[in-house]
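Structural features, examined
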Amino acid sequence: MKNIDSIGHVTGRSVFTDDIPLTNGTLFGVVVASGIAHGAIKSIDFSQALEMPGVVRILTCTDIPGENQIGGILPDETLFAEKEVHFIGQPIALIIADSEFNARRARKKIHIEYDEFEAVTDPRVAKEKGLLLFPPRTFALGNVAEAWQKCNYIFEGSADSGSQEHLYLETQNAYAVPAENGTLKVYSSTQGPAIVQKTIAGVLGIPMNHIEVDVRRLGGAFGGKEDQATAWSTMAALAAHLLQKPVKLSLSRHDDIVMTGKRHPYSSDFRIGLSEDLKILAYEATFYQNGGAAADLSPAIMERTLFHATNSYFVPNVKATAYSCKTNLPPFTAFRGFGAPQAMFVMESAIAFAAKNLGIPAWKIQQKNLIRDEDAFPYGQVAQQAHARECWDEAISQFDVAGKLKEIAEFNSATAFTKKGLALMPVCFGISFTNTAMNQARALVHIYQDGSIGISTGAIEMGQGVNTKLKQVAAGIFSVSPSRIRIESTNTSRVANTSPTAASSGADLNGKALQIACGEILDRLKESAAQMCNTEKEKISLQDEKVYSGSTDTGISWEELITTSFRKRISLSQSGHYATPHIHFDKSTEKGHPFAYHVYGTAAITVTLDCLRGRYWVDSVQVVHDFGNDMNPDINLGQLEGAIMQGIGWMTMEEIRYSEKGRLLSDSLSTYKVPDIYSTPKIVECKTLDKPGPEQAIMRSKAIGEPPFMYGIAVYFALQEAIRAFNPAYSGRYDAPLTPEKVLMALYNR
Amino acid sequence: MISAQGIRLIYYFYIVIEFILNEKLIRTDKPGGMPLVDFIRYEAGLTGTKIGCREGDCGACTVMEGSRSAGKVIYRTIVSCLTPLALVNGRHIVTIEGLNGETLNPVQQAIVDHSGTQCGFCTPGFVVSLMAQCLSGDTANLSKMLASVDGNICRCTGYKSIERAVRQVWELTRLHESSSTVAWMVEKGYLPAWFTYIPERLAGIGNQPHESPVNTIIIGGGTDLMVQKADDLMFGGIEKVRSSSAPGIEFRDGKCIIPGTCTVTELLESETLIQHFPNLGKHFSLISSTPIRNMATLAGNLVNASPIADLAIFFLALDAEICLVNGEDTDRFLPLKKFFKGYKQLDLQPGELVKYIRFSLPGRDDHFNFEKVSKRQHLDIASVNSAILVKINEGKIEKAHLSAGGVAPIPLFLAETSHFLEGKEITYDTLLRASEVLQQEISPISDIRGSAKYKRLLLRQLFIAHFIELFPRKSELSSLVQILQADEKH
């Protein structure tokens, strides 16, 4: 089934938050933010701004009736700065005016004086100074100290990966409308409506049931609207509550890129030990996560880094330690992969470094160490249905990797200024929120008396196609045409206490809850049908909108069944609740079974490098991916291709740079470049691994959002191969992204 | 990107602005500096056109602009975020809503068929860009069809599904031959029937009286000015200099004369120019994107005085002359290389406008090349760009003009390197010695486009790339690899 939104999208009729028609008297908010990275606010002069045309009011922390606190996991982040500021872009006030234009003009008239303190932007420096957002954690398996003795080869190095801006095409948006009796309706571009609701309740000092958060769809999110959407919705709600007027807050791209958090940059050290026959016997990694000025989702992201420290490999002796370092940058946040890509980049760097020093291709080490069934991950979970090897072997044979490597070697020896490189990337990604409590979801199903169906869940549609998958689930259970089904907006008054749509788990969790709700209604309908045709419930089935008794068409249509059941006072509404079974994790031992299942795959990526100019192209990305029972090939292929492109962007052109004083230098689309149509690989080929999916995946179709992102990591190592073909003296640093600048400098040893 | 200044001395300070928006005639007294996208979304309530960046870099706000030319209406894409309302007076503006029919048109259907939309926010922009390409009638070439969406960023799909959709559109349109593309597209369900009547409707509008403003802001394409100063322009008088009819590129006595109002697209469409610069399409595909090239003017690119201005670099190597005019005064000529005086400083008097540039067309022995490297190869600002013209006589360089951007406070004409090359044979020895001279002439700084060290290295590489591109058969040059690497060991 095609994405159910696609007709709305191609006609421009799909409604995003900024497209909602405004109520009369709507006011507009523009955020006033800190201009320095660290300091104390000495004075703020609003007097000129308040006299500007159209300005209604300027709100600061003193206007907050409840708590000035928006921290998601740890309570360490204010909505508006109080005495100190900790990053450039930290909100200090909100200007409310009769138009966005007037609010923007007033912003230029505000004068803030600061006492400037030293700013820290480097995570290792922060660690040295003892600036940690929360205590470090260590995951361990076996005994690393002993294992080093047994290793024939030991290599040590460091690997850094950069930040990444989400660049969801729709910026952060919120529209808060006051309703009767002190309640509010908030339209928010958020992945986590319940978090928005809870935070607004805390800031306004009113109960959660006074706030209805509604989300139709997002214009892209990628994790950037999981925690980071909350502040803007809360500000709009605060203003609407205080002024009793509808308030719109839509961040300009510039404000969005400066004020919101991005993917965490990491600086890491590794030590890898191998046996004579290339078994990895020991691996040690220390991750310095650049957390920014507040915890945001960093504790969970750091945790996932540790979970994925060994990627797709089994290593018997592991010690992985992570520090979340407090710096004077906007709090870094969720982004597709959620700390796992950063960990895998370090593991792959360690392997590449070992291979280079041993004078062998990296794939020999990769291939030797892939995880198998019954091998343990460092966090104690035992691998089951581990398809790492199947994916790898199939990639090697299907894509004739050996032949390709030979072709590349021949090509490279025949050309002077053009070189090619190939790298492989196995991926193993765990599915579930690592915080076990979040692995629950609810759904609410109404069948209306005309036979049409309305479905609400906690899932947010942000382009990933979750609503299409939900429709498939319900249509399958009732055996009705999908056109009978409408997926409603995600609304906290209809489905409460939702987990954010994140961790690739939206379709699994909400789909399972929906299955439960639909299943209960189906059961009642079967009973009703059995009565209608004087037979037993067990014989009844629904097929193509008709009631069957055994294999006989009873002549009862879906509509008749519904209408009759309604008259018989049978409930046609049902909520369903799902909690992922069998998962647990004990933080005191750092052991458990945190993931419902793992997703596997292997990518082979080939690049061409123009050694004269330092430009490069991705020739092909060929993947064997473990979809399970792919319930929607259109949507899942789209997710895979999009994730790969984003991963390639992270490894190549997407470079976030801050000045030493914490100012974002790549602060616009003219200085921060994401892939365009010319950047896309010439060939993207995907083969489905022919293995059934696990029970815990919705319709046994495995989660797809994040795992393919990490295939893009291969581009880094393929480029290194191409550089080395031109310049054998290339030292080979691990410092992503590998921009054209770094490539050219590497080609000529600068 | 490119800001503008030009020569049309007609003031367009409207009390009322008239244009056709999709099917509807608009007469509005909104400020001429209001961004078109705001009018479309918040005044006309057409929310299919999205705001992604307001700097012309994402394409979510792409609309089509139809203007009259020789009795027909020519449609091009523009980004509505960088288009002040005053500039669309007398034009036909088509948004996604204007392309919707009772069923999906074949472009929309192709995107649905190939799942070329995920979150949907960028999608209307892609549809508009592709539809404009279909409307141009230039659909025979798949790579041109793909290039039509070079100004549209999609963050979800990774573009492969969009490529498949474009291929489907290409297969449907590539063989069509019709005297009227509009009629064909109406017949085939691409366009609503009312499109047929736009030429006559457009003829009757946009000629309303207007006043000469105080504090006029002279604007060409506005593609940099509107990025930097949109709010300041809101209530200013906008003086339009973008040419609306034939670009008027002239070729006389071996010289080419290009009016300042000429857009980059108009340059690209000049057949005579392409005859003299067969790689023009390749070179200019590196300059911004289709909608920006449709808007940005030659004068704007020069007057903006960016040290990295692509057109400035291009024409510096052609040793172009610039013609300036100030009201009724006589024209003032100066070599383009004298026009740039310092960072964002020009030899331009108050009130003076760029009338045209002129240069000698390359002869049979002249060889021209343009190089540009940026972080992203397309729709990006150069780290370093460079152009060269060399005249070869009896195996030796008789004349050389070399220019480079991003290596000095101004778009730089490399006089000493050019001089050094003259009278020399093209050998790697010559090139290496020339590149040493070149290093003395430049003074790059470290910034977001690259470190000073990188820019020095990159310019050396582009300098050598010029010769490898121009003289690929010179086998001696391929051994430059060893030389270049050996050079690094010192």
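Residues take numbers from 1 onward in each chain, read along the sequence in its written order. All chains are assigned letters beginning at A, and all ligands numbers beginning at 1, according to the order in which they are written. Note on the predicted model: pLDDT of at least 70 is required for a residue's local features to be given, and 80 or more for side-chain atom pairs to be given and counted; whole-chain, interface and lining totals, by contrast, use all residues.

Focus: the overall build of chain A
Strands here mean DSSP runs of E at least two residues long; helices mean DSSP runs of H or I at least four residues long; both are numbered from the N terminus. Looking only at helices and strands, chain A has 19 helices and 29 strands in total. For chain A, whose C-alpha radius of gyration is 27 Å, the value lies close to the compact-globule estimate of 27 Å for 750 residues. Summarising its shape, the C-alpha atoms of chain A cover approximately 80 × 80 × 50 Å along the three principal directions. Each residue is classified by how many other C-beta atoms fall within 10 Å of its C-beta atom, where C-beta atoms are placed from the backbone; a count of 20 or more means buried, 12 or fewer means exposed, and values in between mean partly exposed. Evaluated residue by residue, chain A yields a buried proportion of 60% over its 750 residues. Contact between residues is assigned whenever the C-beta positions, reconstructed from backbone atoms, fall within 7 Å. A sequence separation of at least 24 residues applies to 80% of the contacts in chain A between residues at least 6 apart. The quantity called the radius of gyration is restricted to C-alpha atoms. Its globule counterpart is 2.2 Å times the number of residues to the power 0.38.

Details of the overall build of chain B
Of regular secondary structure, chain B possesses 21 helices and 20 strands. Summarising the internal contacts of chain B: among those between residues at least 6 apart in sequence, 68% fall at separations of at least 24.

Points about the domain arrangement of chain B
Many analyses report the size of an interface as the accessible area lost when the parts associate. Domain ranges listed in this record stem from an automatic or a database domain assignment. Looking at the assigned domains, one finds that chain B contains domain 1 (101-191) and domain 2 (364-490). Using only C-alpha atoms to locate each centre, domain 1 of chain B and domain 2 of chain B end up separated by 39 Å.

With respect to the domain arrangement of chain A
All names here are of chain A. Structurally, chain A comprises domain 1 (27-117 + 172-250), domain 2 (266-434 + 588-747) and domain 3 (440-579). If you average the C-alpha positions of domain 1 and of domain 3, the two centres end up 39 Å apart. Listed by partner, the interface residues are 17 residues for domain 1 and 14 residues for domain 3. Elements supplying a minimum of two residues to the side of domain 1 that touches domain 3: helix 6 (193-204) and strand 11 (211-215). In the scheme used here, Gly and all other residues not listed as nonpolar or charged are polar, with Ala, Val, Leu, Ile, Met, Phe, Trp, Tyr, Cys and Pro taken as nonpolar and Asp, Glu, Lys and Arg as charged. Considered class by class, the residues forming the side of domain 1 that touches domain 3 number 7 nonpolar, 5 polar and 5 charged.

Describing the confidence of the model for chain B
Residue and element names in this part refer to chain B. Taken residue by residue, chain B gives an average pLDDT of 90. The fraction at 70 or more is 90%. pLDDT is a per-residue confidence score from the predictor, ranging from 0 to 100. Below pLDDT 50 for its whole length, residues 242-246 participates in 11 contacts with residues either more than four positions away or in separate chains. The ipTM, which scores confidence in the relative placement of chains, is 0.98 for this predicted complex, and the corresponding pTM is 0.97.

Describing the interface of chain A and chain B
Contact with chain A, which involves 66 residues of that partner, is made by 65 residues of chain B. For the side of chain A that touches chain B, the leading source of residues is helix 17 (residues 633-651) of chain A, giving 6 residues. When its residues are assigned to classes, the side of chain A that touches chain B shows 25 nonpolar, 24 polar and 17 charged.

Brief notes about the nonpolar core
Residues of type Ala, Val, Leu, Ile, Met, Phe, Trp, Tyr and Cys that are buried and joined through C-beta atoms within 7 Å form what is called a nonpolar core. Ile95(A), Val186(A), Ala236(A), Ile605(A), Ala714(A) and Leu719(A) are the most contacted members of the largest nonpolar core, which totals 386 residues. Each residue touching Ile605(A), except ones within four places of it in the same chain, is listed here: Leu422(A), Ala423(A), Met425(A), Val618(A), Val621(A), Ala714(A), Val715(A) and Ala718(A).

A closer look at helix 16 (residues 558-567) of chain A
Residues and elements named next belong to chain A. For helix 16, the full list of buried residues reads Trp558, Leu561, Ile562 and Ser565. All buried residues of helix 16 fall inside an arc of 95° around its axis, so they share one side. Buried-residue contacts for helix 16 involve strand 17 (440-447), helix 15 (506-532), strand 22 (546-549) and strand 23 (552-557). Trailing helix 16 by a residue or two, arginine 569 shows a phi angle of about 60°, which is positive. Directions pointing from the helix axis toward each C-beta atom define the arc.

Examining the sheet that holds strand 8 (residues 153-161) of chain A
Residue and element names in this part refer to chain A. We call two strands paired when DSSP finds no fewer than two bridges between them. As summarised here, the arrangement of the 5 strands in space is 7-15-14-13-8, forming an open sheet in which the pairing is mixed. Of all strands in the sheet, those with a lone pairing partner are strand 7 (132-141) and strand 8, marking the two edges. Ignoring strand direction, the axes of neighbouring strands in this sheet form an average angle of 10°. Sitting on the sheet, helix 10 (residues 340-358) touches strand 8, strand 13 (266-274) and strand 14 (280-292), and the angle it makes with strand 8 is about 135°. Here an axis means a line fitted to C-alpha atoms, over the contact stretch when the element is a helix, while the angle between two N-to-C directions is reported on a 0 to 180 degree scale.

A short note on the environment of Thr327(A)
All names here are of chain A. Tracing the chain through its elements places threonine 327 in the loop between strand 15 (317-326) and helix 10. Threonine 327 sits 387 residues away from alanine 714 along the chain, and the two C-alpha atoms are 30 Å apart. Once residues lying within four places of it in the same chain are set aside, the contact partners of threonine 327 are Val120, Thr121, Pro123, Ala126, Asn290, Gly291, Gly292 and Ala293.

Comments concerning the pairing of strand 2 (residues 17-21) of chain B
Where a strand is regular, its side chains alternate between the two sheet faces. Residue and element names in this part refer to chain B. Of all 5 residues making up strand 2, 4 are buried, and the element is well covered by its neighbours. Pairing of strand 2 with strand 3 (residues 24-28) involves 5 bridges; the strand directions are antiparallel. The residue bridging leucine 21 from the neighbouring strand is lysine 24, located in strand 3. Connecting the antiparallel pair strand 2 and strand 3 is a turn made up of 2 residues, with asparagine 22 showing a positive phi of about 55°. Relative to strand 6 (residues 92-94), strand 2 runs parallel, the two being bridged by 2 bridges. Within the sheet, the bridge partner assigned to isoleucine 20 lies in strand 6 and is histidine 92.

Re the sheet that holds strand 2 (residues 39-45) of chain A
Residues and elements named next belong to chain A. The 3 strands are arranged 4-2-6 in an open sheet whose pairing can be described as antiparallel. Two strands close off the open sheet at either side, each with one partner strand: strand 4 (84-85) and strand 6 (111-116). Bridge count for strand 2 against strand 6 is 6 bridges, and the pairing is antiparallel. Along strand 6, the bridge assignment pairs serine 43 with glutamate 113.

Quick notes on unusual backbone geometry
Residue and element names in this part refer to chain A. The omega angle of the peptide bond from alanine 736 to proline 737 is 5°, so this bond is cis rather than trans. Among the secondary structure elements, proline 737 is positioned in the loop between helix 18 (713-726) and helix 19 (740-747). The phi dihedral of alanine 503 falls on the positive side, at around 60°, and the residue is not glycine. Secondary-structure assignment places alanine 503 in the loop between strand 20 (490-491) and helix 15. On the neighbour-count criterion, alanine 503 (26 C-beta atoms within 10 Å) is buried. Unlike most non-glycine residues, serine 504 shows phi in positive territory, near 60°. Relative to the helices and strands, serine 504 is located in the loop between strand 20 and helix 15.

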